[in-house]
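# Analysis of the macromolecular model
Chain residues, written in single-letter form:
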Amino acid sequence: MPCKRCKSNPVIQLPNSNIKLCKSCFIKYFERKVLNTIRKYNLINHKENIISALSGGKDSLSLLYLLNKIASKKLDFKLSALLVDEGIKGYRDKTIKTAREFCEKNNIKLHITSYSEVTGKTLDKIKKQFPDTIACSMCGVLRRYLLNKKSRELKANKLATGHNLDDEAQSIMMNQFRHNIALSARLGPITGVKRDKRFVPRIKPFYFLTEKEVATYAFINGLMDEFNECTYCTESNRFVVRDMLNSLEQKYPGTKHSIVASFLEVLPLLKEKYKNQKINSCKICSEPASSEVCNACNLLQRIRQ
Ligand code: SF4
Ligand SMILES: [Zn+2]
Ligand SMILES: [Zn+2]
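Report follows, based on the coordinates. This is a predicted model, so every value here is computed, not measured.

## Considerations on the site of ligand 1
Lining the immediate environment of ligand 1, one finds Glu86, Ala135, Cys136, Cys139, Gly140, Cys230, Tyr232, Cys233 and Ser236. Class assignment of the residues belonging to the shell around ligand 1 gives a composition of six nonpolar, two polar and one charged.

Following this line, the structure appears as structure tokens:
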């Protein structure tokens, strides 16, 4: 079946439909969908300072590529990129190179921060110190901490991430499985329950696009690097949930869209329920925390012991 819009050769069949699109029609469809998400959820406003989290993978490269394309043409905002170097040998070193080259070529300012900067150790070393702890749980704490702290220091209005519909469906299910609904209240196309100047809101312009659509966009635009996956990714709970959702999707197409759509229906109720939850300032580093000491400082204390 040819492209639904122009009858050329198709490159993709859109999820949950019989519609096939060629390269140029797909690019238009993809970029329009991102712009609609940005406008509908008010993700980016005029003259804002937007920092795009860059891992060097296809999602974050596609996001930075597209934001850069629209920063001056369609919406008027300032854009730079932020990369967190976890210190994972054989993975991060390669992706840093890709990220640097991309930013240089596209004239985008790239900020780099690292776990070594705050902990004095790479993630590889931290994992050796705690072989029984899942690397992703320590990594997640440090990454969230650093991304928020650095983007606030860089005076960002928003931090954009390459999270797509598949990622969001996984996060929703992971929080359900762990009975962690308070965390779900912070999800959505723009994160956070209420505005707090210590938190830089995170925006997800790819919220309604599937992993497959983002991968196709990356491929078409020459943004797919050689396959690079973190050494520790199979340890994570997300990996298991991802497989589970992929097999459900195969059997019952539309599952992931339904999870996200149902979630968006209840999200305003969740935000209302948790809006008065108190956010402390960590007594060690003053960063926002849910208890007296933030998760990153708790981990740091363990690392230094
Ligand atoms: S897979 Fe886990 S350890 Fe690797 S970068 Fe992601 S969160 Fe960190
Ligand atoms: Zn076409
Ligand atoms: Zn702290």
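## Brief notes about the sheet that holds strand β3 (residues 49–53)
Strand order in the open sheet formed by five strands is β5-β4-β3-β6-β7, and the pairing between neighbours is parallel. Of all the strands in the sheet, the pair left with one neighbour each is β5 (110–114) and β7 (202–203). In the packing of helix α2 (residues 58–73) onto the sheet, the strands contacted are β3, β4 (78–85) and β6 (158–160), and the crossing angle to β3 comes to about 155 degrees. Across the sheet, helix α3 (residues 92–106) is in contact with β4 and β5; its angle to β4 comes to roughly 165 degrees.

## Brief notes about the pairing of β5
As paired elements, β4 and β5 share five bridges and run parallel to each other. Residue pairing for β5: Ala81 is matched across the bridge by Leu110. The parallel pair β4 and β5 is bridged by α3, and the resulting crossover is right-handed.

## Let's talk about the pairing of β3
Within β3, four of the five residues are buried, which leaves the element mostly enclosed by the surrounding structure. Inspection of the sheet shows β3 paired to β4 by five bridges, in the parallel sense. Of the residues in β4, the one forming a bridge with Ala53 is Leu82. For the segment spanning β3, α2 and β4, crossover handedness is right-handed.

## Let's talk about unusual backbone geometry
Look at Lys47: it is not a glycine, yet its phi comes out positive at around 70 degrees. If you trace the backbone, Lys47 turns up in the loop between α1 (23–40) and β3. By the C-beta count within 10 Å, which is 10 here, Lys47 ends up exposed. The phi torsion at Ser286 lies on the positive side, around 70 degrees, for a residue other than glycine. In this structure, Ser286 sits in the loop between β8 (280–281) and β9 (288–289). With 12 C-beta atoms counted inside 10 Å, the residue Ser286 sits in the exposed group.

How each quantity is defined
- Residues numbered from 1 in each chain as written.
- Chains lettered and ligands numbered in written order.
- Predicted model: local features only at pLDDT ≥ 70, side-chain atom pairs only at ≥ 80, totals over all residues.
- Near = placed C-beta within 6 Å.
- Nonpolar A, V, L, I, M, F, W, Y, C, P; charged D, E, K, R; others polar.
- Pairing = 2+ DSSP bridges.
- Helix = DSSP H or I, 4+ residues; strand = E, 2+ residues; numbered from the N terminus.
- Contact = placed C-beta atoms within 7 Å.
- Axes fitted to C-alpha atoms, helices over the stretch in contact; angles between N-to-C directions.
- Right-handed = clockwise from strand over helix to strand, strands pointing away.
- Buried ≥ 20, exposed ≤ 12 C-beta atoms within 10 Å, placed from the backbone.

Such coordinate-based values are descriptive only and should not be taken to indicate function.
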